[in-house]
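Tertiary structure, described
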Amino acid sequence: MKRAFDFLAAAVGLIVLALPLAGLWLLVRLTSPGPGLYWSRRVGKGSALFPMPKFRTMRIDTPEVATHLLDDPDRWLTPVGPLMRKLSLDELPQLWSVLLGHMSLVGPRPALFNQDDLIAARKVAGVDVLRPGVTGWAQINGRDELAIPDKVALDAEYLRRRSFLFDLKILVSTVVPVLTARGVTR
């Protein structure tokens, strides 16, 4: 049932948001050189790598590491990058990954291919059996503010509690942190 819901919601979302998505893509293209989308190598279910699209919020010469590992992350942002990140607009293309089955609407946020500490901790906790999500239990309980052990503990709690109703609760609870940018550091 979860996969059917994900597929249907992603398909409807992509159709309904087609014009705003095209507008955001154009905004990125007009305000900085490079493509409108950035395809990030992420770790999915069973630790398999998959390409995850995001609207590009950083310059094309940015090192491929987690933002918090950059010396001065703000200097790498595009002119519209801060606003897109604050409102999580850069995440909208991930509906494509949900449609393809690489991601779910709800699950642990997909780690970057080189976040070895997070990947290892999730394997130990058994969380790597889950399809990563556009949002998740950790997302609504701290987002970027969470240390890796806390994030993995919340991911493991999600694994134990997962159900369709819990997913709906997380989806509804995602709206407030996104609209207020609560827990976003970059």
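Residues numbered from 1 in each chain as written. Predicted model: local features only at pLDDT ≥ 70, side-chain atom pairs only at ≥ 80, totals over all residues. Heavy atoms only, no water.

If you check an unreviewed UniProt entry, the protein chain appears there as Sugar transferase from Caulobacter segnis. Taken from UniProt, the Sequence similarities (unreviewed entry) comment for the protein chain reads in full: "Belongs to the bacterial sugar transferase family." (UniProt positions renumbered as here; feature names shortened; annotations may be inferred.)

Topic: the environment of His-68
Here His-68 lies in the loop between strand S2 (49-55) and helix H3 (81-86). Overall, His-68 belongs to the exposed group, its relative accessible area being 62%. Through-space distance from the C-alpha of His-68 to that of Val-152 is 17 Å; in sequence the pair is 84 residues apart. (Helix = DSSP H or I, 4+ residues; strand = E, 2+ residues; numbered from the N terminus. Buried < 20%, exposed > 50% of the residue type's maximum accessible area, 1.4 Å probe, protein only.)

Details of the pattern of salt bridges
Under the defined criterion, the tally for this structure stands at 7 salt bridges. Between Asp-167 and Lys-2 there is a salt bridge; the shortest N-O distance is 2.6 Å. Linking Asp-167 in helix H7 (residues 164-180) with Lys-2 in helix H1 (residues 2-16), this pair joins segments that are 165 residues apart in sequence. The residue Lys-54 makes a salt bridge to Asp-90 at a minimum N-O spacing of 3.6 Å. Within this pair, whereas Lys-54 is found in strand S2, its partner Asp-90 is found in the loop between H3 and helix H4 (94-100), the two being separated by 36 residues in sequence. As far as the burial class goes, Lys-54 and Asp-90 line up, both buried. (Salt bridge = Lys/Arg side-chain N within 4 Å of Asp/Glu carboxyl O.)

Details of the pairing of strand S1 (residues 37-43)
Alignment of S1 against S2, held across 7 bridges, turns out to be antiparallel. Each residue of the ladder has a partner; that of Ser-40, found in S2, is Met-52. Hairpin geometry of S1 and S2 is characterised by an intervening segment of 5 residues between the two adjacent antiparallel strands and by a positive phi of about 65 degrees at Gly-46. When S1 meets strand S4 (residues 111-112), the two strands line up antiparallel, connected through 2 bridges. Opposite Val-43, over in S4, you have Ala-111 as the bridge partner. (Pairing = 2+ DSSP bridges.)

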